[in-house]
Amino acid sequence: MLKDKFIPERWNKLSNELKMAVAIKLLEKMAYFSNIVKETGITSTEAHTAQNRLMDLGYIQSDGGNWIKFETSWKKVPTIINKSENEFLDKLIPELFIK
């Protein structure tokens with residue numbers, strides 16, 4: 001899981017919104033909702049709340065993103081629209097990884 005690649009003390013201090021933003025950025029086309037929940041370890045309720053807040057903040061598209069086909073089903077993947085947040089995440093993510 002994605003969260004297992006990070007230093008637990010640092011990962012656990014992040015808000016659910018930041019955990020979700022990190023997952024969306026790192027998972028890219030695999031960042032569909034159920035995979036984000038599995039990879040981050042947050043509940044689906046927490047993930048829905050975080051997703052709504054990220055939409056309200058203008059970090060991801062308010063329509064939820066783009067549809068991408070995975071094997072036999074279609075999944076909606078969030079699209080990041082706030083590039084200034086990307087710069088923040090680009091600096092944050094390396095600090096989370098276990099070295």
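Scroll up for the structure.
Residues numbered from 1 in each chain as written. Predicted model: local features only at pLDDT ≥ 70, side-chain atom pairs only at ≥ 80, totals over all residues. Heavy atoms only, no water.

Novice: Describe the overall build of the chain, with residues and values.
Specialist: A tally of helices and strands in the chain yields 5 helices and 2 strands. When the helices and strands of the chain are read in sequence order from the N terminus, they spell out α-α-α-α-β-β-α. Relative to the globule expectation of 13 Å for 99 residues, the C-alpha radius of gyration of the chain, 13 Å, shows essentially globular dimensions. Expressed as lengths along the three principal axes of its C-alpha atoms, the size of the chain is roughly 35 × 30 × 20 Å. Of all 99 residues assigned to the chain, the portion counted as buried reaches 40%. Residue pairs at least 24 apart in sequence account for 55% of intrachain contacts in the chain once pairs closer than 6 positions are excluded. Computing the positive centroid from 15 side-chain charges and the negative centroid from 13, the chain places the two 3 Å apart. (Helix = DSSP H or I, 4+ residues; strand = E, 2+ residues; numbered from the N terminus. Rg over C-alpha atoms; globule rule 2.2 N^0.38 Å. Buried < 20%, exposed > 50% of the residue type's maximum accessible area, 1.4 Å probe, protein only. Contact = heavy atoms within 4.5 Å. Lys, Arg positive; Asp, Glu negative; His and termini not counted. Charge placed at Lys NZ, Arg CZ, Asp CG, Glu CD.)

Novice: So what about the pairing of strand β2 (residues 73-77)? Which residues, and what values?
Specialist: Looking at chain direction, strand β1 (residues 66-70) and β2 are connected through 5 bridges and run antiparallel. Across the sheet, the residue bridging to Asn 66 is Val 77, located in β2. Between the end of β1 and the start of β2, which pair antiparallel, lie 2 residues, with Glu 71 showing a positive phi angle near 50 degrees. (Pairing = 2+ DSSP bridges.)

Novice: Please give an account of helix α4 (residues 44-56) that cites residues and values.
Specialist: The terminal C-alpha atoms of α4 lie 18 Å apart, and with 13 residues this matches the ideal 18 Å at 1.5 Å per residue to within 8%. Packing partners of the buried residues in α4 comprise α2 (16-27) and α3 (33-40). Two residues or fewer after α4 comes Gly 58, characterised by a positive phi angle close to 80 degrees. (Expected span 1.5 Å × (residues − 1).)

Novice: So what about unusual backbone geometry? Which residues, and what values?
Specialist: Of note, Glu 28 is a non-glycine position whose phi angle comes to about 45 degrees, a positive value. Relative to the assigned elements, Glu 28 resides in the loop between α2 and α3. Phi at Glu 71 takes a positive value of approximately 50 degrees, unusual for a residue other than glycine. You can call Glu 71 exposed: its relative accessible area is 77%.

Novice: Which residues make up the pattern of salt bridges, and what are the values?
Specialist: Applying the stated criterion to the full structure yields 3 salt bridges. For Glu 95, the salt bridge is made with Arg 10, and the minimal N-O distance between the two is 3.9 Å. One end of the pair, Glu 95, is in helix α5 (residues 83-96); the other, Arg 10, is in helix α1 (residues 8-13), with 85 residues separating them in the sequence. The class of Glu 95 is partly exposed, set by a relative accessible area of 42%. Accessibility expressed as a relative area gives 38% for Arg 10, which makes it partly exposed. Close ionic contact of Arg 53 with Glu 17 constitutes a salt bridge, the shortest N to O distance being 2.6 Å. (Salt bridge = Lys/Arg side-chain N within 4 Å of Asp/Glu carboxyl O.)

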